[in-house]
Structure formats: C-alpha cells, structure tokens
Amino acid sequence: MLHRRTVGDVMTEEVITLRPDTPVHEIAALMDANDIAAAPVVDDEGAPIGVVSASDVLRHETGMPDPQVQDGDDEHAWRKARARTAGALMSSPVFTARADWTIPRAARELLGRHVKQLPVVGDHGVLTGIVSRSDLLDTFVRSDVEIRGEVERDVLGRILGLEKGTVAVEVREGVVTLRGNVPEPRLVPVAVGLCQGVDGVVAVDAHLAAVRAD
C-alpha cells in the first residue's frame, strides 16, 4: 500500500508549553519570542489540559471578554478577561490529535472544531507534539515532479507491477494525467483510486485501455 503521511510525520515535536500557574505577562513574552499563536497548558504529568491563544492574551490586555460569547455579561468570559495565569485564561477542555492520524482526519478535526492547531498526545495522554493548519497544508503543496515520481514509482511500479513506460504520467498543478495500457479492465479504477490517494493530487484524468498481453 501507499505510505500515507500521518500527523506524526508533519507535527512539531518541540512544543512551547505553559503551566497552569504561568503568569499572563510571561505568556505574552513567550509567544512573542517564539512567534507562536497559541500554546498548550500541561499538568504535572505533561498532559494537555487547555490552550491559551494570542487572541486570549489580547482580549486580556484590553480587559474585554470573548466577542464570540453571545451574552457579554457571561461570568466565564469576564473571568478570562481578568485572568492572571494560564490556568484561568486557557480554553478547556482541549481537543487533541494522535500521531497515527491521517492528514485528512486531522484536517477534518481542525475544521470541525474551528481551531488552528491541535496538541498531539501519546498512549498515556502525554503531549508529544503539536500540529497546525499550516503543517497540514504543506502536505498538499507538493511539486508536480514529486507527485509524478511517486505515481510512477509506487502506484504504477511497486503496487500495480506495470513495466516502465506502459503508462505515461503527466502532472500539471497537481492534476495527474495517465495515458497507456493496463493488462486488465479492473486495474483502470484501481490505478485512478491509488493516484487520488497520493498526497498533493488534485484530480486524476485517466486515458487507459485494457490490453491483455499475448
């Protein structure tokens, strides 16, 4: 089978973390120094228990609650605006990912949760990394040369066992065009499906004929 890249392949392993008692002014300094938009808050065992974003810090500095909250008098929102530590400022519960998740699964989770990044945890819930939208997008931004090489080498050669030159491969802006012959009709949809599974492929245009060898 094709190697589908996972969250573990693209996540950042060295994560800037906060403790529940980290003062708000230190959070702002850490985010600025490390050019990050959010940081997970971890407990004594290293498990994420919340996330503090740059937006949380900015709202704290202005003394205003989260505008997403329907009721501006919501006590929780005002408490966050008056917070002095990460534990009081953080958003909780925290949504996490696993290193073995596929890229599409992580992308769906990010979009569904309306968050920009997810802490990644191991079997015991301990933080092992963090994955962001930009990490996932980088997976799909591949050169046509890279995509063509994977299609020829892995899809046509290693998996389908076709001889080199049997099927010509052209890739333009992520669109794969296949032209040539395959030994059995059932291999046409298989080839298309496998190509669609290659990271970075936008679409597949197949011009394949089934020609049995004598």
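The structure under discussion appears in the preceding block.
What you see is a predicted model; the values in this text were computed from it and never measured.

1. With respect to the pairing of strand β1 (residues 38-42)
Within a regular beta strand, the side chains point alternately toward one face of the sheet and then the other, so they alternate between its two faces.
Move 1: Counting buried residues in β1 gives five out of five residues, a clear majority hidden from the surface.
Move 2: A two-sided burial pattern is seen for β1, the buried positions comprising A38, P40 and V42 on one face and A39 and V41 on the other.
Move 3: With five bridges joining them, β1 and strand β2 (residues 48-53) adopt antiparallel strand pairing. Across the sheet, A39 pairs through a bridge with V52, a residue of β2.
Move 4: Joining the antiparallel neighbours β1 and β2 is a turn of five residues, in which G46 adopts a positive phi near 90°.

2. Considerations on the sheet that holds strand β7 (residues 175-182)
Move 1: Strands sit in the order β6-β7-β8 across an open sheet of three strands; the sheet is mixed. Among the strands making up the open sheet, the edge pair consists of β6 (167-172) and β8 (203-210). Within the sheet, the average angular offset between the axes of one strand and its neighbour, ignoring direction, is 5°.
Move 2: Pairing of β6 with β7 involves six bridges; the strand directions are antiparallel.

3. Description of the sheet that holds strand β5 (residues 127-132)
Move 1: In space, the three strands of this open sheet follow the order β3-β4-β5, with mixed pairing throughout. Two strands close off the open sheet at either side, each with one partner strand: β3 (97-98) and β5.
Move 2: The sheet contact formed by β3 and strand β4 (residues 117-121) spans two bridges and is parallel. By the bridge assignment for β4, R98 is matched with V121.

4. Considerations on the packing of helix α6 (residues 103-113) against helix α7 (residues 133-140)
Move 1: Their axes nearest at 10 Å, the elements α6 and α7 cross at an angle of 140°. When the interaxial angle is binned, α6 and α7 end up oblique. In the packing of α6 onto α7, the handedness of the crossing is left-handed. Between α6, through I103, A106, A107 and L110, and α7, the contact on the second element is made entirely by R133, L136, T139 and F140.
Move 2: Across the contact of α6 with α7, the residue classes break down as six nonpolar, one polar and one charged.

The rules we used
Residues numbered from 1 in each chain as written. Predicted model: local features only at pLDDT ≥ 70, side-chain atom pairs only at ≥ 80, totals over all residues. Heavy atoms only, no water. Buried < 20%, exposed > 50% of the residue type's maximum accessible area, 1.4 Å probe, protein only. Helix = DSSP H or I, 4+ residues; strand = E, 2+ residues; numbered from the N terminus. Pairing = 2+ DSSP bridges. Axes fitted to C-alpha atoms, helices over the stretch in contact; angles between N-to-C directions. Parallel < 35°, antiparallel > 145°, perpendicular 65-115°, else oblique. Left-handed = near helix turned anticlockwise from the far one by under 90°. Contact = heavy atoms within 4.5 Å. Nonpolar A, V, L, I, M, F, W, Y, C, P; charged D, E, K, R; others polar.

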